[in-house]
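The lines below spell out each chain.
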Amino acid sequence: MQQNKASAPFSAYHLREERLDAVPEYAQVGPGTPGGEYLRRFWHPIEVSAELGDIPKRIRILGEDLVLFRAKSGELGLVRPHCPHRGASLEFGIPDEKGIRCCYHGWLIGVDGTVLETPAEPETKNLRHGAYPVREFEGLIFAYMGPPEQMPPLPVFDVIANRKPTDRLYPGGWTPGGKYEWPCNWVQVKENAMDPVHTAYLHTIASGSQFTPEFGILPELEYRETPIGMVYVAGRRIGGNMWIRMHDLIMPNIHLVASVNETGKQEKRYGGPYLLHWATPIDDTSFRELGWLIETDDMKFTDEIVQQLHFGMMDDRPMEERQRTPGDYDAQVSQGAVHLRAREHLGTSDRGVAMFRRMLRVGIDDVRKGKDPKGLHRDEGQVIRTYTQNAVVACPASNDPAEEKRQFSELSQRVFDGEFRD
Ligand code: FES
Ligand SMILES: [Fe+2]
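Definitions and limits used
- Residues numbered from 1 in each chain as written.
- Chains lettered and ligands numbered in written order.
- Predicted model: local features only at pLDDT ≥ 70, side-chain atom pairs only at ≥ 80, totals over all residues.
- Heavy atoms only, no water.
- Phe/Tyr/Trp six-rings, centres within 6.5 Å; stacked < 30°, edge-to-face > 60°.
- Helix = DSSP H or I, 4+ residues; strand = E, 2+ residues; numbered from the N terminus.
- Buried < 20%, exposed > 50% of the residue type's maximum accessible area, 1.4 Å probe, protein only.
- Contact = heavy atoms within 4.5 Å.
- Donors = N, O, S within 2.8 Å, 3.2 Å for Na, K, Ca; no water.
- Tetrahedral: all angles 85-135°; square planar, octahedral: opposite > 155°, others 65-115°.
- Polar contact = N/O pair within 3.5 Å; in protein donor to acceptor, adjacent residues only side chain to side chain.
- Pairing = 2+ DSSP bridges.
- Axes fitted to C-alpha atoms, helices over the stretch in contact; angles between N-to-C directions.

Novice: What is the right way to read the packing of aromatic side chains from this model?
Specialist: The geometry of an aromatic ring pair is captured by two quantities: the separation of the ring centres and the angle between the planes. If you walk through the whole model with that rule in mind, you get 16 aromatic pairs. Consider the rings of Tyr274 and Phe301, whose centres lie 6.3 Å apart with planes at 65 degrees: the pair is edge-to-face. Linking Tyr274 in strand E20 (residues 273–283) with Phe301 in the loop between strand E21 (286–295) and helix H6 (303–310), this pair joins segments that are 27 residues apart in sequence. On the accessibility criterion, Tyr274 (7% relative accessible area) is buried.

Okay, here's the thing in structure tokens:
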């Protein structure tokens, strides 16, 4: 009976939401949670190198409060905030040659957490303070917060390692120099990365053309598993060409985006990514978007492009303007601090979202069983192959939708196989 009432028109009274408050395991990030343990098997960027000066910085990552600092030797340290003596925050500590010295009574903590000096004591206390390993690479600071004996090497991706000498990297957020922290769970922004329909709808039809008008064509879609995660492949018919746009999601929280300048009008073998980004969870209800922007011949960061890239990515516009021309921030943050999945109704175009969630669940399960999850690399020095690209291929249009679909599938396979990479 309840069901009938709830499916009748004007049924908000019957469609109560009180049973929708469960946060799925894969959205949890805190220490000791299944999702948090899984995320702790990977390196995550936590800050832009240039933003860490000569004083320590308090940061919150994966639900843990920590202090990041640079020792005078140049080495980086990431430690628990409360001094092991009597708990003063090391945020007020003084970076020393080998570590950080607490401001209160001068205890010196090394970058690996060893207590090196306890000045007012007759002898140095044999103590260990909580510290995490930190690495610096191409302008970003990365942390590994998992079991030390299981620490993998820092991942190196082909689009960064093999970039052209003329390409330029900008470490940071969605725009050069921009900082982006969103008040919602990190999974939402990665689900969005596997949802190419929103590119057509939100970014073109709903809010006017943010990129090129061709993005407004609703694409044919395929989703494929890769050794490191998954891709979506979006195919659009542009006159006598088929424009194939393929994007990676690298498990668990990395995504790549190909140039948004593409119109599909000119044949093109390869247009590579302009962005490789992690969503680094701050806690269950916020994350920071960090990674590299890659300036290539295909995608120059002109003032105009930077404006387009920033549009709708923060809440820095008047509310009425955001309502009339919403952007990614508005759509994804408004899903809720943690999107309640019990509220949603997935459709066939959400196959990518469902596939990503399945992969998260499998990854969590693998960690539970003591296995390495997908996306983790053990080979030091391995350059990891990614898939993201635009390709525009001449391909005569057909009036038969089945033939169009067949052509798309064939091209999707060829692009996926790397035929247009050189
Ligand atoms: S509280 Fe840090 S040295 Fe005493
Ligand atoms: Fe978007």
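Novice: Please clarify how helix H5 (residues 197–206) should be interpreted in this entry.
Specialist: Each turn of an α-helix holds 3.6 residues, which means side chains three or four residues apart point in the same direction. Listing the buried residues of H5 in full gives His198, Thr199, Ala200, Leu202, His203 and Thr204. On the buried face of H5, the contacting elements are helix H4 (186–193), strand E16 (229–238) and helix H8 (328–333). Count one or two residues on from H5 and you reach Gly208, which has phi positive near 80 degrees.

Novice: Quick question: what am I supposed to make of the coordination of the iron ion (ligand 2) here?
Specialist: Ideal coordination angles are 109.5 degrees for a metal with four donors arranged tetrahedrally and 90 or 180 degrees for a metal with six donors arranged octahedrally. Within the protein, the iron ion (ligand 2) binds to His198 (NE2), His203 (NE2), Asp328 (OD) and Asp328 (OD); these donor distances fall in the range 2.1 to 2.4 Å. Around the iron ion (ligand 2), the four donor atoms are arranged such that angles at the metal cover 56 to 143 degrees; this shape is classified as irregular. Read N to C, the donor residues that coordinate the iron ion (ligand 2) are spaced as H-x4-H-x124-D. One end of the pair, His203, is in helix H5; the other, Asp328, is in helix H8, with 125 residues separating them in the sequence. Classification of Asp328 as buried rests on a relative accessible area of 7%.

Novice: Would you take a moment to explain H4 for this structure?
Specialist: For H4, the tally of buried residues reaches eight of eight residues, placing the bulk of the element in the interior. Within the sequence span of H4, burial applies to Trp186, Val187, Gln188, Val189, Lys190, Glu191, Asn192 and Ala193. The distance from a side-chain oxygen at the start of H4 to the backbone nitrogen of Val187 is 3.1 Å, and the residue carrying that oxygen is Asn185.

Novice: Would you explain the sheet that holds strand E1 (residues 43–48) in this entry?
Specialist: What links the strands of a sheet is backbone hydrogen bonding, and the strands pair in either a parallel or an antiparallel sense. Pairing within the open sheet is antiparallel, and its three strands lie in the order E1-E11-E10. Sheet topology places E1 and strand E10 (134–137) at the edges, where each strand pairs with a single neighbour. Shown here is a sheet whose adjacent strand axes are inclined to one another by a mean of 35 degrees, direction ignored. Of the strand pairs in this sheet, E10 and strand E11 (residues 140–144) are connected by four bridges, and their pairing is antiparallel. Note on E11: the bridge partner recorded for Val134 is Ala143.

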